[in-house]
Number of protein chains: 2
Amino acid sequence: MSKITINDIAKAAGVAKSTVSKVLNDAASISDETKRKVRDIMKEMNYTPSSIATQLARQSSFNVGLLIDLSRKDDFLNHFFYAIIGGIESVIGKHQYELTICNASSESSSQQDSPAFMNRLVRNGKVDGLIMDSSIWTAETERLLAELQFPYVLIGDAPAEVTYSAVDIDNENGGRLLAAHLIERGYRRLAFIGGEGAGEPLFDRRVGGCANALREHGLTFDPRLVMAGTANEATGRLFMEQLLALPAEEQPDAVICMNNYTAFGALAAAHAAGVSIPTQLGIATFDDYPLAPYTNPPLTCLKMDTFELGVQAAQMLMTRISEPALSAEQRLIPAALITRASTDR
Amino acid sequence: MSKITINDIAKAAGVAKSTVSKVLNDAASISDETKRKVRDIMKEMNYTPSSIATQLARQSSFNVGLLIDLSRKDDFLNHFFYAIIGGIESVIGKHQYELTICNASSESSSQQDSPAFMNRLVRNGKVDGLIMDSSIWTAETERLLAELQFPYVLIGDAPAEVTYSAVDIDNENGGRLLAAHLIERGYRRLAFIGGEGAGEPLFDRRVGGCANALREHGLTFDPRLVMAGTANEATGRLFMEQLLALPAEEQPDAVICMNNYTAFGALAAAHAAGVSIPTQLGIATFDDYPLAPYTNPPLTCLKMDTFELGVQAAQMLMTRISEPALSAEQRLIPAALITRASTDR
DNA sequence: CATCACTAGGAAACCGGTTTCCTAAGTCTA
DNA sequence: TAGACTTAGGAAACCGGTTTCCTAGTGATG
């Protein structure tokens, strides 16, 4: 028993295949009686239309692609992206779209020739739209996609004059929230740990947000307390040691960390030095990894709603697919402050 | 300028479309000269064949589906699955397949009628094969897939008499490794914390593996020290408190935790009680979350190579797709013991 | 009763490839 | 040089839907 097709149904129902197709699409020109009859036969024969044939006829794949760097094995970004996937799926599923995930390691995309996914996914019609991590972005990629007028949405930091759609976490306001919280709790001399440093958009946004909050309260960062470096545990530990080695009056009374790794390192170094948290020193951090609530003391975090990020990216993409004429749009997803004991004084 | 098709190329090259198709597939019956000529024109006209048309003609989607429960937002399983995705992609990409991710929340699959993905993905031909998390599995699903002779591979624990392909982490041997390590370090009275309890396959495998190692060294679990409960931080904390409340001679000298959450809880409770780790008490745990190396002391972990899990699952699926006649196969991925300070005595 | 508008449904072209089958020309052999 | 065999490439059917266009039949209207 090979696969049942629309022709088998047409034959069994004694109607034309075009009629069956119209029943499938609930066309108005088919009588209720015929519809019922044909549908009964479909059910009886256990028929499911081939989506590939539909795709060819409709000239649409009903697929969207997600382009991310899957080659990072144990990166802390993993659970971030996993939630994004869930968010995307929850939106496109309602539109009968499926999600195709494609690896695009940021290194391998050689600048000169077009990246592999352009043929594998875009030009051959495997997907109708693309959501891509901004780390994949290159000027060449943008040029190619624009030339094809292909709908896409970027996730993450977008260049200043964007001509395309993009969603990101509101890191600037996130930094503001963290700093404002610390100030409100009475901390006055804030330090910042981690990140590539000025020039890195993420760093600039986050530090900038903190600085804004400080300014609004008549304070500023002591530049020596803003310490840039790869945002990992070792860095957090090292920088915290350096901060604690400063003369007492120059030491910060609170630290904002670039992510939970740096926060773990900072926390460990503070413990090792016998500094009491949150009394002597407050620690707050961007991101909220699953284990962050269980440190000692639990860490005050800025939680990124990455599921929502996926939701919004998918919504924007679906809009661009259905209405290509609309102009590009940028959105920021607010981050939420989760106050815990590490700043509770 | 609408999309270039095979007909355009045929016209431009002055050959039949069948010839162009043969060039695309590098057929032997086409002369090198013709191939070169046609390929030049393809390049010149910037032609990419429509994969949807190919799919229809070849009766194959060149897609595999991954069915997981995406509705769990912040679950600790997230980074687990993310790595699996990467592993799968790395294999199927080489076969020119793409990966379609589909949400199948384990709750929503009502027992009676066939789950949504059967129509959305399988019967309509959107994918040629399926990798699914074992939590999605139901007898009904298996029946339907078997009836269609549809290739699929399960990830995670498989029932005893499996008739289908499955891959899992070798939890039994993992438990053995953890327990053997503790014994080797001189710990003698082991406890186990977390898991749903006897009957849950994961629990049985892990505890069973530990028990085997004990037996091999002439030891056994004191049944009162095997404590089942939802594997989270609160449970780890509570059970550790209970263990430490036992009379001194009944207390364990080492604890094996079901996952990093329980380990965090256990660690916190031990600290709170002033127990010194690893001297008085050893702590080892299944799983190795990104932050586990940075606890105080760093946790001895059993690292699951979930990327490899994805790789093997994908390999098995590709084999089943290309050679459906082969019989089902089960594989176990070895887990790796990472010794850190929490058991270093 | 003749004409018209409207309705339900059918025939055929189409989407863009693949595959089978066939033929004309060239090569080999006797 | 005739007949058999090989080879390169073309024509057409096919994959399974969708869509356009057309027609037969019905009811309404003057």
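The sections below set out a description of the structure shown in this document. Fair warning: this is a prediction, and the values are worked out from it, not measured in the lab. (Residues numbered from 1 in each chain as written. Chains lettered and ligands numbered in written order. Predicted model: local features only at pLDDT ≥ 70, side-chain atom pairs only at ≥ 80, totals over all residues. Heavy atoms only, no water.)

## Structural notes on the overall build of chain A
Of regular secondary structure, chain A possesses 12 helices and 12 strands. Taking 345 residues into account, the globule formula puts the C-alpha radius of gyration at 20 Å, and chain A, at 26 Å, lies well above it. In chain A, which comprises 345 residues, the share counted as buried stands at 53%. Taking the intrachain contacts of chain A between residues at least 6 apart in sequence as the baseline, contacts between residues at least 24 apart amount to 72%. Accessible surface for chain A amounts to roughly 14800 Å². Of this, 52% is attributable to carbon and sulfur atoms. Across chain A, the mean location of the 31 positive side-chain charges is 8 Å away from that of the 41 negative side-chain charges. (Helix = DSSP H or I, 4+ residues; strand = E, 2+ residues; numbered from the N terminus. Rg over C-alpha atoms; globule rule 2.2 N^0.38 Å. Buried < 20%, exposed > 50% of the residue type's maximum accessible area, 1.4 Å probe, protein only. Contact = heavy atoms within 4.5 Å. Areas by Shrake-Rupley, 256 points an atom, 1.4 Å probe, with all protein chains shown as cover. Lys, Arg positive; Asp, Glu negative; His and termini not counted. Charge placed at Lys NZ, Arg CZ, Asp CG, Glu CD.)

## Remarks on the protein's contact with DNA strand D
Close contacts around DNA strand D come from 30 residues, with Ile6 and Ser21 of chain A together with Thr19, Lys22 and Thr34 of chain B the closest. In DNA strand D, the atoms that sit within 4 Å of the protein are 58% sugar and phosphate, with bases accounting for the remainder. The contact in question runs from a sugar or linking oxygen of DNA strand D to an N or O atom on the side chain of Thr54 of chain A, over 3.5 Å. Thr19 of chain B is positioned such that a nitrogen or oxygen atom in its side chain is 2.3 Å from a phosphate oxygen of DNA strand D. Among the secondary structure elements, those contributing two or more residues to the surface near DNA strand D are α2 (17–24) and α4 (51–58) of chain A together with α2 (17–24) and α4 (51–58) of chain B. Within the surface near DNA strand D, the residues separate by chemical class into 13 nonpolar, 13 polar and 4 charged. (Near = heavy atom within 4 Å. Polar contact = N/O pair within 3.5 Å; in protein donor to acceptor, adjacent residues only side chain to side chain. Nonpolar A, V, L, I, M, F, W, Y, C, P; charged D, E, K, R; others polar.)

## A word on the packing of α4 of chain A against α4 of chain B
In contact at an axis separation of 9 Å, α4 of chain A and α4 of chain B are set at 140° when each is read in the N-to-C sense. The pairing of α4 of chain A with α4 of chain B is recorded here as oblique in orientation. Once α4 of chain A is placed against α4 of chain B, the crossing between them reads as left-handed. Contact residues: Ile52, Ala53, Gln55 and Leu56 of chain A in α4 of chain A; Ile52, Ala53, Gln55 and Leu56 of chain B in α4 of chain B. Among the residues making up the contact of α4 of chain A with α4 of chain B, the classes are represented as 6 nonpolar, 2 polar and no charged. (Axes fitted to C-alpha atoms, helices over the stretch in contact; angles between N-to-C directions. Parallel < 35°, antiparallel > 145°, perpendicular 65-115°, else oblique. Left-handed = near helix turned anticlockwise from the far one by under 90°.)

## A word on unusual backbone geometry
Look at the link from Ile277 of chain A to Pro278 of chain A: it is a cis peptide, with omega at 10°. Looking at where Pro278 of chain A falls in the secondary structure, it is placed in the loop between α11 (260–272) and β9 (282–286). Even without glycine at this site, Asn46 of chain B takes up a positive phi of about 60°. Structurally, Asn46 of chain B can be placed in the loop between α3 (32–45) and α4. The partly exposed category is assigned to Asn46 of chain B, whose relative accessible area is 42%. Unusually for a residue other than glycine, Gln96 of chain B sits at a positive phi of about 65°. In this structure, Gln96 of chain B sits in the loop between α5 (78–92) and β2 (98–103).

## Considering the relation of the copies chain A and chain B
Look at the two chain copies: a rotation about an axis and a shift along it is all it takes to match them. Of the transformation superimposing chain A on chain B, the axial component is 0.0 Å and the angular component is 180°, with the fit at an RMSD of 0.1 Å. Considering both components of the superposition, the chain copies are consistent with a two-fold axis. Interface residue correspondence from chain A to chain B reaches 100%, placing this contact among same-surface, isologous pairings. (Least-squares fit on C-alpha atoms with pLDDT ≥ 70 in both.)

## As for the side chain of Arg123 of chain B
Note on placement: Arg123 of chain B falls in helix α6 (residues 116–123). One buried charged residue, Arg123 of chain B, forms no salt bridge at all, with the nearest opposite charge on Glu147 of chain B at 6.8 Å. If near-sequence neighbours (up to four positions away) are discounted, Arg123 of chain B is found in contact with Lys3, Asn46, Tyr47 and Thr48 of chain A together with Met118 and Leu148 of chain B. (Salt bridge = Lys/Arg side-chain N within 4 Å of Asp/Glu carboxyl O.)

## Some remarks on the pattern of salt bridges
Counting across every chain of the model gives 38 salt bridges over all chains. Between Arg176 of chain A and Glu216 of chain A there is a salt bridge whose closest N-O contact spans 2.2 Å. Highlighted residues: Arg176 of chain A in helix α8 (residues 171–184) and Glu216 of chain A in helix α9 (residues 201–216), separated in sequence by 40 residues. Given the relative accessible area of 53%, Glu216 of chain A is considered exposed. In this structure, Arg36 of chain B engages Asp40 of chain B in a salt bridge whose closest nitrogen and oxygen atoms are separated by 3.9 Å. With Arg36 of chain B and Asp40 of chain B both in helix α3, this residue pair falls 4 residues apart, about one helical turn. Among the charged side chains, a salt-bridge network with shared partners connects Arg189, Asp222, Arg224 and Glu250 of chain A.

## Considering the protein's contact with DNA strand C
In the vicinity of DNA strand C lie 30 residues, with Thr19, Lys22 and Thr34 of chain A together with Ile6 and Ser21 of chain B positioned nearest. Here, DNA strand C places atoms within 4 Å of the protein, and 59% of those atoms are sugar or phosphate. Contact distances for DNA strand C include 2.2 Å between a phosphate oxygen and a side-chain N or O atom of Thr34 of chain A. Within the side chain of Ser21 of chain B, a nitrogen or oxygen atom sits 2.6 Å from a phosphate oxygen of DNA strand C. If you list the elements that add at least two residues to the surface near DNA strand C, you get α2 and α4 of chain A together with α2 and α4 of chain B. Residue composition of the surface near DNA strand C, by class: 13 nonpolar, 13 polar and 4 charged.

## A short note on the pairing of strand β10 (residues 300–303) of chain B
All names here are of chain B. Strand direction decides the pairing type here: strand β9 (residues 282–286) and β10, joined by 3 bridges, are parallel. By the bridge assignment for β10, Thr285 is matched with Cys301. The pairing of β10 with strand β12 (residues 336–338) spans 3 bridges and is classified as antiparallel. Bridge pairing in β12 places Lys303 opposite Ala336. (Pairing = 2+ DSSP bridges.)

## Examining the sheet that holds strand β7 (residues 226–227) of chain B
Residue and element names in this part refer to chain B. Ordered by their spatial adjacency, 6 strands build an open sheet running β7-β6-β8-β9-β10-β12, and the pairing between neighbours is mixed. Since the sheet does not close on itself, it has two edges, and those belong to β7 and β12, each with one partner. Strands in contact with helix α9 (residues 201–216) are β6 (190–193), β7, β8 (254–257) and β9; relative to β6, the strand with the most contacts, it is inclined by about 175°. Against the sheet, helix α11 (residues 260–272) engages β6, β8, β9 and β10, with an angle of about 160° to β9.

## Some remarks on the pairing of strand β8 (residues 254–257) of chain A
It is a general feature of regular strands that their side chains alternate between the two faces of the sheet. Residues and elements named next belong to chain A. The alternating pattern of β8 places Ala254 and Ile256 and Val255 and Cys257 on opposite faces, both of which are buried. Bridging between strand β6 (residues 190–193) and β8 involves 4 bridges; their strand directions are parallel. Residue pairing across strands places Ala191 opposite Val255, the latter belonging to β8. Where β8 meets β9, 4 bridges bridge the pair, whose relative direction is parallel. Paired with Ile256 across the two strands is Ala284, which belongs to β9. For the crossover from β8 across α11 to β9, the handedness is right-handed. (Right-handed = clockwise from strand over helix to strand, strands pointing away.)

Any link to function would need more than the numbers given here.
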